[in-house]
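Working through the structure, step by step
Okay, here's what each chain looks like letter by letter:
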Amino acid sequence: MKTFFEASLPRSPAPLAEVYREVAENVMPYPMGNIHPRFWSWYMGAGNFTGALADFLAAVQGSNLGGGNHAAALLDGQVVNWCKQMMGFPASASGTLASGGSMSNLIALTVARNVKAGVDVRDVGVAAIDKPLRFYGSDQVHSCHRKAMEALGLGNRALRRISTDRDLRIEIPALKRAIAEDRAGGFHPACVIATAGTVNTGAIDDLQVLPRLAAEEDLWLHVDGCIGALMAIAPKNGHRVAGIEHADSIALDPHKWLHAPFEVGCVLIRDASAHRDTFAVTPEYLESAPRGLASAAWLHEYGLQTTRGFRALKVWMALKEHGVEKFGRLIDQNIAQAAFLSRLIRNEPLLELVAPTSINIVCFRFRPQGVDGESLKALNIEIMLRLQELGTAALSDTTVHGEHCLRAAIDNHRTRREDLRLLVGETVRLGRHISGA
Ligand SMILES: Cc1ncc(COP(=O)(O)O)c(C=O)c1O
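Let me begin by describing the structure that accompanies this report. (Residues numbered from 1 in each chain as written. Predicted model: local features only at pLDDT ≥ 70, side-chain atom pairs only at ≥ 80, totals over all residues. Heavy atoms only, no water.)

Section: empty space enclosed by the protein
The final tally for this structure, using the stated rule, is two cavities of 30 Å³ or more. Along the walls of the largest cavity sit Thr96, Leu97, Ala98, Met103, Ile107, Leu299, His300, Tyr302, Gly303, Leu304, Gln305 and Arg308, which together make up its complete lining. Elements represented by at least two residues in the lining of the largest cavity include exactly β1 (94-98) and α5 (101-116). No other element matches β1, which puts three residues into the lining of the largest cavity. Considered class by class, the residues forming the lining of the largest cavity number seven nonpolar, four polar and one charged. Estimates place the volume of the second largest cavity at around 40 Å³. Lining of the second largest cavity is provided by Asn48, Leu258, Ala260, Lys314, Val315, Ala318, Leu319 and Phe327. (1 Å grid on protein atoms, 1.4 Å probe; cavity = no way out; pocket = protein on both sides within 12 Å on 5 of 7 lines; lining within 4 Å. Points joined across faces, edges and corners; volume = space filled by probe spheres on them. Helix = DSSP H or I, 4+ residues; strand = E, 2+ residues; numbered from the N terminus. Nonpolar A, V, L, I, M, F, W, Y, C, P; charged D, E, K, R; others polar.)

Put into structure tokens, the structure is as follows:
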């Protein structure tokens, strides 16, 4: 198998049928597995057939969404408008589709930095900023924000991680203290990153209080809603993200809870001109024209890419086929499944929940009497690896407030309750077998 991937650059042609056979034999049977009903690792959606068809059609049509007056570009704008509607954002806001959540967050934080810099940071750079900017997120904030701070030239330390409460939500008094401390220390508090659905446990920062606090303190409020923003469309769980519509910017991820095939993320920015002013450049070879292909808005003016793929089509076609309400019900279904799994865990003496289950992420571990610390961690990692190697289920692991645990992130429209019963049964069986409990 390894030799297949080490084969050197092909110099002469081969029949397409032969090329396809190689793919069918060596690539297609060995996927990551995230379209399987018992894939709950890290955090990803489970894809959908219509999205795959759309990706094929988009590639066949071959349009470049850097801009231009053509159907694909118009449809891209329509999907951004639908995302605004899902989030309760005003029609006057702007937005763009990006490769995923990390890029969407980076775009939003770039706008926040430029708006708050106090100088024309595009022209003179971050070194000219008078008082160093400070951004705030919880100690559960996703690692992409660190990368963004580094890429923005502000540095990792400019993102202050604020402690979280027992529910893994940002502690508002601690946030207020940090802002006051920074002002007194000669820094410029610029932006709060609220998370709607943290990657570790699915915790949702207080979206009622944070918009008020941000307004009082003159901070940009960005919501990283890559996991949870789409709950806004879920009939039973939409209330959990009420308040998100007051943010200055939101990142959301259709390739998670809308199950679009990778890649597609979306960022929405309330102030459309701030968005365009952050990225627009008009080189002589990309000027608009009164008629023809170059007579519409340039979509590359809203992000870092110039060439952009037609990723909108997979979102558009799946939403048309199923309607947004079905996607909302699937979100409710995953959240109910996580509650069900948590109940099974609570009823099983050898298992314990390690964090509160807020939405669709369950953090738990196998814990026989007398096993602690590193041995407990090693035991649970072994269970996780065997579950994977046996083809039973794919979990990942993490550490929450210092406690190592297994983690099931149920962002999967194929999961059924019997899959979760099997997970619990097999975890206990393997745990007993490995530990002798
Ligand atoms: C809260 C949060 N933010 C950002 C990201 C990054 O999103 P992506 O993997 O689409 O770049 C993730 C990924 O799981 C996430 O959970």
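Now, onward.
What to know about the sheet that holds strand β10 (residues 396-400)
With respect to topology, four strands assemble into an open sheet ordered β8-β9-β11-β10, the strand pairing being antiparallel. Either end of the sheet is taken by a strand with one partner, and the two such strands are β8 (351-353) and β10. Averaged over all pairs of adjacent strands, the angle between their axes in this sheet comes to 45°, without regard to strand direction. Relative to strand β9 (residues 361-366), β8 is paired through three bridges, and the arrangement is antiparallel. (Pairing = 2+ DSSP bridges. Axes fitted to C-alpha atoms, helices over the stretch in contact; angles between N-to-C directions.)

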